[in-house]
Structure formats: structure tokens, C-alpha cells
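# Topology and contacts: notes
In case you want the letters, here they are:
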Amino acid sequence: MKFIETELTEQAFLDRLTHLCRQKERRDKAYAGQDAFVFHRKQEKFWLGSHHAIGGKNPGLSADRLDCSYRVGEDGFVTVAYRRFKHPALFIPHVVVGVFGLLLATSTLADVIAHRAVSGGEGVTALFFLCFCGAGFFGNSKELTSQEDHLRYICGVADGAEAGETVVPDLSLMRDREVYPLRIIYRGREYLTLSYYPEDGEEDALLHADGELLYFRNRAQLDRFCAEYDLCIVDDMETCSFDEPLSAAEQDYGHILKCWNRLHTIARVLGVPFEGDDPSHDGLYEVLFGSAMPISGDRAEHELMEEQMQELDVIFADKESLLERFRLWRE
């Protein structure tokens, strides 16, 4: 039995499980011809497998999978336990063929040693049987390893982070040594990070390195980082939550505007596109800006129409690709 310790709450873990895998329903027959990782959950237990789209044939589940369970610790974070499971339907045939191949190879070798006549076909057949057996063992092992890697990704465990790799952000471009603490909430998890102003622009940036945003486990770790790099913390902790549905924030245009701006900053820092930066959405941004700080004071004049709410859904549709690029800073 192997274990993975995460820094995810139960809800955050289940959200990632359902978001990064397809749920296997009882009468599900196909996944539109696409390869996918699938799972089936019953309370705290679940299995994780692979679903293959075989060219020109009906897709099917792999025979190998991971049997998993999770528990929530006293710190509120999830720990996952899992073991590899090889299905007998695929495992036993390879063993049987391998045994026949080994017996045939042994018999052929004995005939060679005894200088008896040996048919070339026997040697080829034995080699084929042994290769078939080996392909079953090593092929299944490769698939299970792929499933393990995906389970680790679901748990938010990066290879470099688990190895204890320390990543140092480039702070040389800071305009000064002043930083602003920021709490980003997404899928039930809090990411504490820092924003600052670079020398070459008026827009703020977020702490980052190697194409990922850096975050801290708690305020104490954030404070230690600032002390180590001689940074001065300015202002109180600002919070930006992406867990609140847009429909529930129809009257809180300031909150929507804050989330929009944060996604814009993240995309700019990481050098990736963001739908909200498309000029076609400038009109909606101006409406939000005016609604967040209405001149007339009459909020009814600034209510968003249904078409504008649908436009917001389009803008925030790819927020996962930006908000899942956080990496824990290691001391």
C-alpha cells in the first residue's frame, strides 16, 4: 500500500477528481472515442483506471487499475492510500502463455545440448510466447505507472515539489522591496502569494518562477520568505475568491472585476493568453467598472443583462488553466 499526502481539503480533492477524470457510470458504453482516465467512487473508496479509444473499434476500459481510498487528517487535508490491481482476466492468460513458452524454450534448449535435431519453428514459437508474456507484464506496468502519475497530479503533487526542490523567483525586476500579500481561493483551497510592481511597468505582478506561480502554506511561511529576501510587506492581506459562482455575484460587480483583473495579471505574468484580454470584451469591462463605482448611485441602472452574464461565463471558462499553475515554495 502506498500513500500520498496532499494539501487539499476533502471538497477540493473531490472537485479535482471529478474535474480531471471521467466518472464511470454503470451503463456507460463509450466516451466519444477519446482516451481518458476514469474513476468510480463509493464514499471514501474509489478506483482509478484508463479508458482507451481503439482505432475503428468500440472503446473499452483497461483491465488494470488503482484501488484507492482517502481519509481527512486532523489538519483538514486529504491523504490517499492506493495499491495496484491487475485484473485476472488479463493477467492469467499472459502467465499461461509464458509458462508454455518457457517449457517449449527449455525443451528446445535440451534438444540442442543433446545434439538432437531441432525445428526452427519451435524456437520461433517459444520466443513469440515469451515476448507475449513479457509484453503483458511490462505493458501493464507502464499503464499502471501512468495511472499513478495521474493520481499524483490529482493530489497536486509535483515531481519537483516532492523531491524537495527549492525554486528561487527572480526578484531583481522589482521596482522596490515592497510586496502586497494576497490570498487566492479556488476549489476550497487557499493560495497565499505576493504581488509587487516591476520596474518596467505600472501593472502589478505575482510571485512566479519557471512558468508557475509560487504560493505559501501559511502566513508564517510567507513572513519567513519576506524576511529571507529582505522584502517589506505593505497593507493587509487581500482576498480574491474564485469559488463564488458568477450568478451569485450579479450585484457584486467589484468582486467580478477583481477576479477578472487577477486572471489578467496571472496570464500576463505566465505569458499565456486570457479570453478577458480580447478587445471584444472591452465594452463589458467598462460596464463592470462603471457598475462597481456607479456615479449616479442607482445600482438598478447598472444591472447586467443575460447576454452580458453569458459573456462573463465565456471569459471565465478557462480559469482552471490559470489557477491550477500554483507551486508550493519550499524552504
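Residues numbered from 1 in each chain as written. Predicted model: local features only at pLDDT ≥ 70, side-chain atom pairs only at ≥ 80, totals over all residues. Heavy atoms only, no water.

For the rest of this paragraph, the subject is empty space enclosed by the protein. A full pass over the atoms with the stated rule returns 1 cavity of 30 Å³ or more. The space that makes up the largest cavity amounts to roughly 40 Å³. Forming the walls of the largest cavity are Leu8, Ala12, Arg16, Tyr186, Arg187, Arg189, Tyr191 and Glu324. Tallied by class, residues from the lining of the largest cavity come to 4 nonpolar, no polar and 4 charged. (1 Å grid on protein atoms, 1.4 Å probe; cavity = no way out; pocket = protein on both sides within 12 Å on 5 of 7 lines; lining within 4 Å. Points joined across faces, edges and corners; volume = space filled by probe spheres on them. Nonpolar A, V, L, I, M, F, W, Y, C, P; charged D, E, K, R; others polar.)

Unlike most non-glycine residues, glutamine 43 shows phi in positive territory, near 60°. Here glutamine 43 falls in the exposed class, since its relative accessible area comes to 59%. (Buried < 20%, exposed > 50% of the residue type's maximum accessible area, 1.4 Å probe, protein only.)

What follows concerns a negative patch on the surface. On the surface, a cluster of negative charge is made up of Asp176, Glu178, Glu199, Asp200, Asp235 and Asp236. Structurally, the position occupied by aspartate 235 is in the loop between strand S12 (232-233) and strand S13 (238-241). (Patch = residues over 30% accessible without salt bridge, like charges linked within 9 Å, V, L, I, M, F, W, Y side chains within 5 Å. Areas by Shrake-Rupley, 256 points an atom, 1.4 Å probe, with all protein chains shown as cover. Salt bridge = Lys/Arg side-chain N within 4 Å of Asp/Glu carboxyl O. Lys, Arg positive; Asp, Glu negative; His and termini not counted. Charge placed at Lys NZ, Arg CZ, Asp CG, Glu CD. Helix = DSSP H or I, 4+ residues; strand = E, 2+ residues; numbered from the N terminus.)

So, on to the environment of asparagine 218. By secondary structure assignment, the location of asparagine 218 is in the loop between strand S11 (212-215) and helix H5 (219-228). For the pair asparagine 218 and threonine 193, spaced 25 residues apart in the sequence, the C-alpha separation amounts to 9.6 Å.

As a further point, take the confidence of the model for the protein chain. Scored by pLDDT, the protein chain comes out at a mean of 76, with 67% of its residues at no less than 70. Predicted confidence in the protein chain is weakest over helix H4 (residues 159-162), with a mean pLDDT of 40, and strongest over S12, with 94. For the stretch residues 26-34, pLDDT sits under 50, and the model shows 13 contacts to residues farther than four places along the chain or on other chains. The low-confidence segment residues 159-165, where pLDDT is below 50, has 9 contacts with residues more than four positions distant or belonging to other chains. (pLDDT = per-residue confidence, 0-100. Contact = heavy atoms within 4.5 Å.)

As a further point, take the packing of aromatic side chains. Counted under the stated rule, the structure contains 11 aromatic pairs. Pairing tyrosine 191 with phenylalanine 326 gives two aromatic rings, centres 4.3 Å apart and planes at 20°, and the pair type is stacked. Residue tyrosine 191 is located in strand S8 (residues 189-196), and its partner phenylalanine 326 is located in strand S14 (residues 326-328); the two are separated by 135 residues in the primary sequence. We note that tyrosine 191, like phenylalanine 326, is buried. Centroid distance phenylalanine 216 to tryptophan 329: 5.8 Å. Interplanar angle 65°. Geometry classified as edge-to-face. With phenylalanine 216 in the loop between S11 and H5 and tryptophan 329 in the segment after S14, this pair connects stretches of sequence that are 113 residues apart. Grouping residues by exposure puts phenylalanine 216 and tryptophan 329 together as buried. (Phe/Tyr/Trp six-rings, centres within 6.5 Å; stacked < 30°, edge-to-face > 60°.)

Looking now at the layout of surface pockets. What the second largest pocket holds in volume is close to 310 Å³. Lining the second largest pocket are 16 residues; nearest its centre among them are Tyr197, Asp204, Asn261, Arg262 and Thr265. Sorting elements by how many residues they give to the lining of the second largest pocket places helix H6 (residues 253-270) first, with 7 residues. For the lining of the second largest pocket, the residue count by class is 4 nonpolar, 5 polar and 7 charged.

Counting 49 residues, the largest nonpolar core has Phe242, Leu288, Leu312 and Phe316 as its most contacted members. Here the element with the most residues in this core is H6; it accounts for 10 residues. Sequence-distant contacts of leucine 312, defined by excluding residues within four places in its chain, comprise Leu246, Ile256, Trp260, Leu284, Leu288 and Leu304. By size, the runner-up hydrophobic cluster in this structure holds 21 residues, among which are Ala12, Leu14, Cys21 and Leu66. (Core = buried A, V, L, I, M, F, W, Y, C linked by side-chain atoms within 4.5 Å.)

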